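Coordinate analysis (summary)
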2 protein chains.
Amino acid sequence: MNSLLSLPHIRTVLARLEDTIIFALLERAQFAQNACIYDPHGFPIKDYTGSFLMYLLHGTEKLHATARRYVSPDEHPFCAPLPPPVLPVLDMPSPLAPTTEDVTINDKILAVYITDIVPRLCREGDDEQYGSSAVSDVNALQALSKRIHYGMFVAESKYLAEPATVQNYINAGDADAILSHITTPEVEATLLERVLRKTRMYCRDIEAADENSYKIDPQLVVDLYADYIIPLTKEVEVHYLLARTSSD
Amino acid sequence: MNSLLSLPHIRTVLARLEDTIIFALLERAQFAQNACIYDPHGFPIKDYTGSFLMYLLHGTEKLHATARRYVSPDEHPFCAPLPPPVLPVLDMPSPLAPTTEDVTINDKILAVYITDIVPRLCREGDDEQYGSSAVSDVNALQALSKRIHYGMFVAESKYLAEPATVQNYINAGDADAILSHITTPEVEATLLERVLRKTRMYCRDIEAADENSYKIDPQLVVDLYADYIIPLTKEVEVHYLLARTSSD
């Protein structure tokens, strides 16, 4: 098996992405919700129609595309069109099987982030920190997208572990059976417990006298994992497997 | 006094930037040194002469400049030229006094970062994670630059607290007297102690059995503060005061 698909490797990547996600959410949580940055009519932007966040996200992705970020099989852009790389493109064969359709769900991640995550994470109102908020959003969205789409690697690894069983579900188009097959409650419980321990450490307010004073409620990050990040990852896994075609 | 110059406000900003800096350094520390990204001849980049890091840093600053980042008196770009904002420019009067010269030291920050900080922070060698390394570098450099140039706010606040004394040193062009006046060893000791406690929390390896297992040596971040970040901040303070002209 391609080493990128070994479960220990995947677990290491996902655990490390947890740190990035928690840091990014904590950075964003410094600022108010600043709803105007998500409003397509929030700011007049020269030669651009869309929200300030989308302006900054698309601009960042254009730059990163020229630096060949999206050539990597574990990176998926939110925006289009994007320019070609200005660097020589590496030969980076994907360990994933071909799929019959695009299984990325960045539109959904973006909607969930703006509609559900920011309002739960940030205090209400407007503190005029639009640039800092949107830069934090871009970092958080990139980390969330990478983590959630890593579901394709997880799914491929699970497929290769039991190809006959999973192929039967795929042939039957049985999304529920696939979802049940890829769901391991004890792994999810371990993950949530680890996210809680990490968030407690990363968001402790060290200036406060109280040992248990936190910048944000650590349970909130656990809830964001349970309510959005894990379910969206599994959604990617199911999409990927249903669209999977033989790579032979 | 302008509230942006109150010492409690400045201390809050600096303490919060500590978190950003430590997070950014920890992100960078995941990857090997990858010296080729700092080498102007490390990669052939279409229509660009310079290192991969500078390509990404300048591209990021161009985007952020259009989003009016550098209109803010506490933000200073590394690169030039930069395009004008595409957003309406806010009326953001600076609380700083005018200066007779540019007191920014981003060239020096960049040199110290590449020559001293990355080699101490990252393991030797090349892991091919060039994009992720350079994106982390950009985040770290932006946070370091903001923190170090906040020295201007610190210096202005200290000037306003004792204008006659400091003006005498300025009139005499006495950099040593200014440096001595702005140096408060007990404040620095408190800061370093807080950085150590924070870094211990943020970089603990939660997967390890040992309570004292860290992803990087926490003392390293303290040393980076003591060796570079604090001295460079004081350098900005001295430059600013020597170049300060009356704002009346």
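You'll find the structure just up there.
Now for a look at the structure at hand. Within any chain, residue numbers begin from 1 and follow the written order of that chain's sequence. Chain labels run from A onward and ligand labels from 1 onward, assigned in the order the entries are written. Thresholds applied to this predicted model are a pLDDT of at least 70 for local features of residues and 80 or more for the giving and counting of side-chain atom pairs; totals over whole chains, interfaces and linings are not thresholded and use all residues. With hydrogens and water set aside, each side-chain value is computed from the structure's full complement of heavy atoms.

**What to know about the overall build of chain A**
Assigned secondary structure in chain A consists of nine helices and zero strands. If one aligns the C-alpha atoms of chain A with their principal axes, the spans along those axes are about 55 × 50 × 30 Å. Exposure is judged per residue with a 1.4 Å probe applied to protein chains only, and the accessible area is read against the type maximum: over 50% gives exposed, under 20% gives buried, and values in between give partly exposed. Counting every position in chain A, which comprises 248 residues, the buried fraction comes to 52%. Put simply, of all contacts in chain A between residues at least 6 apart along the chain, 73% involve residues at least 24 apart. Each accessible area value is a Shrake-Rupley result obtained with a 1.4 Å probe; residue values ignore everything except the protein chains displayed when judging cover. Accessible surface computed for chain A: about 10900 Å², of which carbon and sulfur atoms make up 53%. Positive charges come from Lys and Arg alone, negative charges from Asp and Glu alone, with His and the N- and C-terminal ends not counted. Every charge is mapped to an atom, namely NZ of Lys, CZ of Arg, CG of Asp or CD of Glu. Taking the average place of the 21 positive charges on the side chains of chain A and the average place of its 35 negative ones, the gap between the two points comes to 5 Å. Put simply, DSSP marks the helices as runs of H or I at least four residues long and the strands as runs of E at least two long, and each gets a number from the N terminus on. Any two residues whose heavy atoms approach within 4.5 Å at even a single point are treated as in contact.

**Quick look at the environment of Phe31 of chain A**
All names here are of chain A. Relative to the assigned elements, Phe31 resides in the loop between helix H1 (7-29) and helix H2 (52-66). By relative accessible area, Phe31 is classed as buried at 12%. Along the primary structure Phe31 and Glu75 are separated by 44 residues, whereas in three dimensions their C-alpha atoms are 27 Å apart. Not counting residues up to four positions away in its chain, the partners in contact with Phe31 are Cys122, Arg123, Asp127, Gln129, Ser132, Ser133 and Ser136.

**Points about the packing of helix H7 (residues 175-182) of chain A against helix H9 (residues 218-243) of chain A**
All names here are of chain A. Relative to each other, H7 and H9 sit at 125 degrees, their axes nearing to 10 Å. As the angle between them shows, H7 and H9 are arranged oblique. Here H7 runs over H9; the crossing is right-handed. For the pair H7 and H9, the contacting residues are Ala175, Ile178, Leu179 and Ile182 in the first and Lys234, Glu237, Val238, Leu241 and Leu242 in the second. Note that Gly is not counted as nonpolar here; it falls among the polar residues with everything else outside the nonpolar set of Ala, Val, Leu, Ile, Met, Phe, Trp, Tyr, Cys and Pro and the charged set of Asp, Glu, Lys and Arg. Among the residues making up the contact of H7 with H9, the classes are represented as seven nonpolar, no polar and two charged. Every axis in this analysis is a line fitted to C-alpha atoms, fitted for helices over the stretch in contact. Angles between the N-to-C directions lie between 0 and 180 degrees. By the definition adopted for this analysis, an angle is roughly parallel if under 35 degrees, roughly antiparallel if over 145, roughly perpendicular if from 65 to 115, and oblique otherwise. For a crossing to be left-handed, the near helix must be turned anticlockwise from the far one by less than a right angle; the clockwise case is right-handed.

**Section: a nonpolar patch on the surface**
Where nonpolar side chains cluster on the molecular surface, the patch consists of Val71, Val89, Leu90 and Met92 of chain A and spans about 300 Å² of accessible area. Position of Leu90 of chain A relative to the elements: it lies in the loop between H2 and helix H3 (106-121). Within this analysis, patches are made of residues with over 30% relative accessible area and no salt bridge. Like charges are joined at 9 Å or less; nonpolar side chains (Val, Leu, Ile, Met, Phe, Trp, Tyr) at 5 Å or less. Just to be clear on terms, a salt bridge is a Lys or Arg side-chain nitrogen sitting within 4 Å of an Asp or Glu carboxyl oxygen.

**Observations regarding the relation of the copies chain B and chain A**
Here the copies were fitted onto each other by least squares, based on C-alpha atoms from residues at pLDDT of at least 70 in both. In screw terms, the move from chain B to chain A is a rotation of 180 degrees and a rise of 0.0 Å along the axis, fitting with an RMSD of 0.0 Å. A rotation of that kind, with that shift, is consistent with a two-fold axis. Taken together, the interface assignments show that 100% of the residues at the interface of chain B recur at the interface of chain A, consistent with an identical surface on both copies.

**Regarding the packing of aromatic side chains**
The description of an aromatic ring pair rests on the distance of the ring centres and on the angle between the ring planes. Note on ring pairs: Phe, Tyr and Trp rings are taken, using the six-membered ring of Trp, and paired if centres are within 6.5 Å. Classes follow the plane angle, with under 30 degrees stacked, over 60 edge-to-face and the rest tilted. In total, this model carries 11 aromatic pairs over all chains according to the counting rule given. Taken together, a centroid distance of 3.7 Å and an interplanar angle of 10 degrees make the contact between Phe23 of chain A and Phe23 of chain B stacked. On the criterion of chain membership, the pair formed by Phe23 of chain A in helix H1 and Phe23 of chain B in helix H1 (residues 7-29) is interchain, its members lying in two chains. Take Phe23 of chain A and Phe23 of chain B: they sit in the same class, and that class is buried. Look at Tyr48 of chain B and Tyr55 of chain B: their rings are 5.3 Å apart centre to centre, the planes differ by 80 degrees, and that puts the pair in the edge-to-face class. Grouping aromatic residues by their ring pairs yields a cluster made of Phe23 and Tyr202 of chain A together with Phe23 and Tyr202 of chain B.

**Here's the deal with the interface of chain B and chain A**
One widely used convention gives an interface's size as the accessible area the parts lose upon coming together. Of the residues lining the interface, 38 residues belong to chain B; the matching set on chain A comes to 38 residues. Note on definitions: buried area is the accessible-area loss of two parts on being combined, 1.4 Å probe, summed for both. Buried surface at the junction of chain B and chain A, summed over both partners, amounts to about 3600 Å²; 62% is from carbon and sulfur atoms. Here chain B and chain A share four salt bridges between them. Residues Glu27 of chain B and Arg16 of chain A are paired through a salt bridge, measuring 3.4 Å at the closest nitrogen-oxygen approach. Polar contacts here mean pairs of N or O atoms no more than 3.5 Å apart (in protein, one a potential hydrogen donor and the other a potential acceptor; neighbouring residues in sequence count only if both atoms are side-chain atoms). In this assembly, chain B and chain A are joined by 16 residue pairs in polar contact (both at pLDDT 80 or more). Secondary structure elements with two or more residues in the side of chain B that touches chain A: H1, helix H2 (52-66), helix H4 (130-149) and helix H8 (185-202) of chain B. No other element matches H2 of chain B, which puts eight residues into the side of chain B that touches chain A. A class-by-class count of the residues in the side of chain B that touches chain A yields 19 nonpolar, seven polar and 12 charged.

**A few points about the side chain of Asn106 of chain B**
Residue and element names in this part refer to chain B. Assignment of secondary structure puts Asn106 in helix H3 (residues 106-121). For Asn106, the side chain forms a polar contact with the main-chain oxygen of His76, separated by 3.0 Å. Setting aside chain neighbours within four positions, we find Asn106 in contact with His76, Pro77, Phe78, Ser145 and His149.

Distances and angles like these do not, on their own, reveal function.
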